[in-house]
Amino acid sequence: MFPCSVTAPYKDCQAIMKVLLLKDAKEDDCGQDPYIRELGLYGLEATLIPVLSFEFLSLPSFSEKLSHPEDYGGLIFTSPRAVEAAQLCLEKNNKTEVWERSLKEKWNAKSVYVVGNATASLVSKIGLDTEGETCGNAEKLAEYICSRIAMESVTVYQTIPHPGIQGNLNSYYSQQGVPASITFFSPSGLTYSLKHIQELSGDSIDQIKTEGARHPKQNCLQLELLRKDCTNAATMFAAIGPTTARALAAQGLPVSCTAESPTPQALATGIRKALQPHGCC
């Protein structure tokens, strides 16, 4: 892992490939979104476009449950948004003091599970110790914990389309052209953005579907063209995890890359490998 001030572009191809990430920007301690930084280390120019907005739900019910750790065997945070919901409960109901004085310690005496490192980082900021973040995705985490505790689910937010999705995508395609790769970070993000991407991509989508069925081992890339010009290839679709990959496949779109874990490093490695043509060095 490079320190924040280091950039090390991967110079295996003369042209810089543009990749599109359909997610919100999240600055880390270095003041930069880690996905942009990691992809940049491989010579990939990433742009972030948010496709989802969130509405919090059932916060009074969630707040009440947080106040009674004795009723539960642990906590499971499935996303950063779930942690934000917990923070809102503490702030809006003046529970910050009692959380610090007693509730936090009581919850820490139990198991606190999380999906992914990003969620784990946020949970640590409210003083809880986590486990399960290395499982890689929600399915593996479920296997890890399902035999240990009885679970009660509380839905604390719902996803809705980001209001700027169409305008942002239009602007990107008009200014940057068709990207070498598009990464989807959730099935709902795919649902809300695919129609706009299809309209902007035109015949390219049909070409991708055809090439994907005909040459699955080539990751749907026009490799002969790519060897000559790294910017002249069909768009490659990537997924942050297996659930999103299945959603892409259900739409008839070939998945060229599924990150081994939901981390910037795993996604950058997977995209670089999928985009790497033979003989381009």
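Thresholds, definitions, all that
Residues numbered from 1 in each chain as written. Predicted model: local features only at pLDDT ≥ 70, side-chain atom pairs only at ≥ 80, totals over all residues. Heavy atoms only, no water. Helix = DSSP H or I, 4+ residues; strand = E, 2+ residues; numbered from the N terminus. Expected span 1.5 Å × (residues − 1). Buried < 20%, exposed > 50% of the residue type's maximum accessible area, 1.4 Å probe, protein only. Contact = heavy atoms within 4.5 Å. Phe/Tyr/Trp six-rings, centres within 6.5 Å; stacked < 30°, edge-to-face > 60°. Lys NZ or Arg CZ within 6 Å of the ring centre and 35° of its normal. Pairing = 2+ DSSP bridges. Right-handed = clockwise from strand over helix to strand, strands pointing away. Axes fitted to C-alpha atoms, helices over the stretch in contact; angles between N-to-C directions. pLDDT = per-residue confidence, 0-100.

J.: Please clarify how helix 3 (residues 80–92) should be interpreted in this entry.
T.: Count 3.6 residues to each turn of an α-helix, and residues three or four apart come out pointing the same way. Here helix 3 spans 18 Å end to end across 13 residues, near enough to the 18 Å set by a 1.5 Å rise per residue. For helix 3, the set of buried residues is R81, A82, V83, A85, A86, C89 and L90. Elements that come into contact with the buried residues of helix 3 comprise strand 3 (52–56), helix 2 (59–66), strand 4 (74–77), helix 4 (96–108), helix 5 (117–125) and strand 6 (157–161).

J.: What's the story with the packing of aromatic side chains in this structure? I'm lost.
T.: Each aromatic ring pair is characterised by the separation of its centres together with the angle its planes make. Applying the stated criterion to the full structure yields 6 aromatic pairs. Summarising the aromatic geometry, the rings of Y113 and Y144 are spaced 6.1 Å apart at their centres and angled 80° between planes, so their arrangement reads as edge-to-face. Remark: Y144 occurs in helix 6 (residues 138–145) and Y113 occurs in strand 5 (residues 111–114); sequence separation between them is 31 residues. Looking at Y113, the relative accessible area reads 1%, which means it is buried. Looking at Y144, the relative accessible area reads 31%, which means it is partly exposed. Judged by centre distance (5.9 Å) and plane angle (45°), the ring pair of F184 and F237 falls under tilted. One end of the pair, F184, is in strand 7 (residues 181–184); the other, F237, is in strand 8 (residues 236–239), and 53 residues separate them in sequence. When the ring centre of F185 is taken as origin, the NZ or CZ atom of K23, which lies over that ring, is 5.9 Å away.

J.: For this particular structure, what's the right way to read the pairing of strand 2 (residues 44–48)?
T.: Here is the key point about a regular strand: its side chains alternate between the two faces of the sheet. Covered by surrounding structure in strand 2 are L44, A46 and L48 only, the residues E45 and T47 on the alternate face being uncovered. Alignment of strand 1 (residues 17–22) against strand 2, held across 5 bridges, turns out to be parallel. Its bridge partner being in strand 2, K18 is matched across the sheet by E45. In this fold, strand 1 hands off to helix 1 (residues 34–41), which returns the chain to strand 2; that crossover is right-handed.

J.: Please clarify how helix 4 should be interpreted in this entry.
T.: An ideal rise of 1.5 Å per residue puts 18 Å on 13 residues; helix 4 reaches only 16 Å between its terminal C-alpha atoms. Taken residue by residue, helix 4 has W99, L103, K104 and W107 as its buried positions. Tucked into the core, helix 4 has its buried residues touching helix 2, strand 4, helix 3 and strand 5.

J.: Sorry if this is basic, but what is going on with the sheet that holds strand 1 here?
T.: Adjacent strands of a sheet pair through backbone hydrogen bonds, lying either parallel or antiparallel. Taken in spatial order, the 5 strands of this open sheet run 2-1-7-8-9, and their pairing is parallel. The open sheet terminates on both sides in strands that have one partner only, identified here as strand 2 and strand 9 (257–258). Strands strand 1 and strand 7 of the sheet are contacted by helix 8 (residues 187–201), whose axis makes an angle of about 155° with strand 7.

J.: What is the right way to read the confidence of the model for the chain from this model?
T.: Summing up the model confidence of the chain, the mean pLDDT is 83 and the portion of residues at 70 or higher is 81%. Counting contacts from residues 1–14, a segment whose pLDDT is below 50, to residues more than four positions away or on other chains yields 25 contacts. Per-residue pLDDT stays below 50 along residues 210–232; that stretch engages in 38 contacts with residues further than four places along the chain or on separate chains.

J.: Quick question: what am I supposed to make of the side chain of T119 here?
T.: Of note, T119 is situated in helix 5. On the basis of relative accessible area, T119 is assigned to the buried category, the value being 1%. Setting aside chain neighbours within four positions, we find T119 in contact with F77, S79, P80, V83 and V114.

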